[in-house]
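Topology and contacts: notes
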Amino acid sequence: MAVSLRAIRNIRFSSFLYRALSSSLSSGADLKSSAFFGHSKSLPLRAEPKDRNVQWVFLGCPGVGKGTYASRLSNLLGVPHIATGDLVREELNSSGPLASQLEEVVNQGQLVSDEIIINLLSKRLEAGEAKGESGFILDGFPRTIRQAEILEGVTDIDLVVNLKLQEEALLAKCLGRRICSECGGNYNVASIDIKGENGKPGMYMAPLLPPPHCASKLIQRSDDTEEVVKERLRVYNEMSRPVEEFYRQRGKLLEFTLPGGIPESWPKLLQALNLEDPEVKQSAAA
Ligand SMILES: Nc1ncnc2c1ncn2[C@@H]1O[C@H](COP(=O)(O)OP(=O)(O)O)[C@@H](O)[C@H]1O
């Protein structure tokens, strides 16, 4: 009985957030007007449930590993991992009316408009609602101050994890990224070995190679070329870096510098979050 009551509350909450996000777009709250930002806290629809799952955000430059760690935490905590980049790619691979417009924007390394992103996110939350999802780990959203204001206006984010990695590794990681066209598995063929100098620590990241049955089916994202990645990094610094400050000022930002690849970073990230992964515990005890 307790379980089903909890599930009903969660469904209500998800529905509330979906409606709140949608209404922030359609309620005449003109997103371009500064009045909207000044009064975002007083939006009529605001989700304030007493009983809900975690609501976390992952920030960080392209190639830092947001998807990898957000997806691991999503499995561990049993909350959906919602990556707006994935939502954009799904839409541009569809035959929908936005497909060609999105393809052009993404392949130039630019950001999709806040309106389109919030529409895609609202739809994703609505679909989750139908499945009884509660809580989320957002990856790649918010990416502008405007998106952060809108999100802050409709719900309380518990924690924002800002992943950091030495600048030299970011480009190599994006260029080494591979996806299995059949199973969707994510791999990385880059072997990163940065020598420590001038007091800066060195860092080694082993490649994450695919199993033999995926090896011949690997593809690259069309926006993972050197020119486009450099532009995405520039756009991140200009548009998304201020979002870090936005959450820092609100006391929600947890800065985490990745010390290396997954084997070194995952246990340390869990420690920083005060979480335990039974699999990590088992292998440490073995
Ligand atoms: N919140 C967002 N706002 C605007 N555009 C977005 C957002 N999320 C994703 N996109 C678009 O999708 C592309 C891919 O996003 P993502 O997979 O998160 O890439 P990255 O590796 O750069 O973090 C971005 O370059 C951008 O064009």
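Reading the values: rules and limits
- Residues numbered from 1 in each chain as written.
- Predicted model: local features only at pLDDT ≥ 70, side-chain atom pairs only at ≥ 80, totals over all residues.
- Heavy atoms only, no water.
- Near = heavy atom within 4 Å.
- Polar contact = N/O pair within 3.5 Å; in protein donor to acceptor, adjacent residues only side chain to side chain.
- Areas by Shrake-Rupley, 256 points an atom, 1.4 Å probe, with all protein chains shown as cover.
- Nonpolar A, V, L, I, M, F, W, Y, C, P; charged D, E, K, R; others polar.
- Pairing = 2+ DSSP bridges.
- Helix = DSSP H or I, 4+ residues; strand = E, 2+ residues; numbered from the N terminus.
- Axes fitted to C-alpha atoms, helices over the stretch in contact; angles between N-to-C directions.
- Contact = heavy atoms within 4.5 Å.
- Disulfide = S-S within 2.5 Å.
- Buried < 20%, exposed > 50% of the residue type's maximum accessible area, 1.4 Å probe, protein only.
- Phe/Tyr/Trp six-rings, centres within 6.5 Å; stacked < 30°, edge-to-face > 60°.
- Lys NZ or Arg CZ within 6 Å of the ring centre and 35° of its normal.
- pLDDT = per-residue confidence, 0-100.
- 1 Å grid on protein atoms, 1.4 Å probe; cavity = no way out; pocket = protein on both sides within 12 Å on 5 of 7 lines; lining within 4 Å.
- Points joined across faces, edges and corners; volume = space filled by probe spheres on them.
- Core = buried A, V, L, I, M, F, W, Y, C linked by side-chain atoms within 4.5 Å.
- Salt bridge = Lys/Arg side-chain N within 4 Å of Asp/Glu carboxyl O.

Topic: the site of the ligand
- If you check the shell around the ligand, you find 18 residues, and the closest are Lys66, Thr84, Gln110, Gly140 and Arg232.
- Within the backbone of Gln110, an N or O atom sits 2.6 Å from an oxygen atom of the ligand.
- In isolation the ligand has 550 Å² of accessible area, and contact with the protein removes 96% of it.
- Considering only residue class, the shell around the ligand consists of 7 nonpolar, 5 polar and 6 charged.

Section: the sheet that holds strand E3 (residues 136-139)
- An order of E2-E3-E1-E4-E10 is seen for the 5 strands of this open sheet, with the pairing classed as parallel. In the strand order of this sheet, the two ends are held by strand E2 (81-83) and strand E10 (253-257), each with one partner. Direction aside, the axes of adjacent strands within the sheet are offset by 20° on average.
- As defined by bridge partners, strand E4 (residues 159-164) adjoins E10 across 5 bridges and the pair is classed as parallel. Bridge pairing in E10 links Leu163 to Phe256.
- Contacts from helix H11 (residues 262-272) reach E4 and E10 within the one sheet, and its direction differs from that of E10 by about 155°.

What to know about the state of the cysteines
- In the structure shown here, the tally under the stated rule is 0 disulfides.
- The thiol of Cys61 is not disulfide-bonded; the next cysteine sulfur, from Cys174, is found 9.2 Å away.
- Take Cys61: its relative accessible area is 10%, and that puts it in the buried class.
- Free of any disulfide, Cys183 has its nearest neighbouring cysteine sulfur in Cys180, separated by 3.7 Å.
- Classification of Cys183 by relative accessible area gives exposed; the value is 53%.

Brief notes about the packing of helix H7 (residues 145-154) against helix H10 (residues 226-249)
- As a packed pair, H7 and H10 sit with axes 8 Å apart at the nearest point and diverge in direction by 35°. On H10, the residues touching Ile145, Ala148, Glu149, Leu151 and Glu152 of H7 are Met239, Pro242, Val243, Phe246 and Tyr247.
- Among the residues making up the contact of H7 with H10, the classes are represented as 8 nonpolar, no polar and 2 charged.

What about the packing of aromatic side chains?
- What the rule picks out here adds up to 2 aromatic pairs.
- Both rings, one in Tyr69 and one in Trp266, keep their centres 6.5 Å apart while their planes meet at 25°; by these two values the pair is stacked. Of the two residues, Tyr69 is situated in helix H3 (residues 66-77) and Trp266 in helix H11; the sequence distance between them amounts to 197 residues. For the residue pair Tyr69 and Trp266, the accessibility class agrees, reading buried in each case.
- Its end group placed over the ring of Trp266, Arg72 keeps NZ or CZ at 5.3 Å from the ring centre.
- Sitting above the plane of the Phe246 ring, Arg250 keeps its charged end 3.6 Å from the centroid.

What about the confidence of the model for the protein?
- Mean pLDDT over the protein works out to 84, with 80% of the residues at or above the 70 mark.
- For residues 1-13, every residue scores under 50 in pLDDT, and the model assigns this stretch 13 contacts once sequence neighbours within four places are set aside.
- Here residues 27-50 is modelled with pLDDT under 50, and outside its nearest four sequence neighbours on either side it reaches 42 contacts, counting other chains as well.

Concerning the layout of surface pockets
- Of the volumes computed, that of the second largest pocket is approximately 270 Å³.
- Lining the second largest pocket are Asp86, Arg89, Glu90, Leu92, Asn93, Glu103, Val106, Asn107, Arg221, Ser222 and Asp223.
- Those elements that provide at least two residues to the lining of the second largest pocket are helix H4 (84-92) and helix H5 (99-107).
- It is H4 that contributes the most residues to the lining of the second largest pocket, 4 residues altogether.
- For the lining of the second largest pocket, the class distribution of residues is 2 nonpolar, 3 polar and 6 charged.

Topic: the nonpolar core
- Formed by 59 residues in total, the largest nonpolar core has its most connected members in Leu73 and Tyr247.
- Residue contacts for Tyr247: discarding those within four places in its chain leaves Leu59, Pro142, Ala148, Leu151, Glu152, Val160, Lys252 and Leu253.

Quick word on the pattern of salt bridges
- A full pass over the atoms with the stated rule returns 20 salt bridges.
- Among the salt bridges present, the one from Glu226 reaches Lys230, with a minimum N-O distance of 2.8 Å. Here Glu226 and its partner Lys230 are both found in helix H10, 4 residues apart, which amounts to about one turn of the helix.
- Classification of Glu226 as partly exposed rests on a relative accessible area of 42%.

Let's talk about the sheet that holds strand E5 (residues 177-180)
- Reading across the sheet, the 3 strands line up as E6-E5-E9 and stay open at both edges, with antiparallel pairing between neighbours. With one partner strand each, in any of the chains shown, strand E6 (186-188) and strand E9 (218-219) form the two edges of the open sheet.
- Alignment of E5 against E9, held across 2 bridges, turns out to be antiparallel. Bridged to Ile179 within E9 is Ile219.

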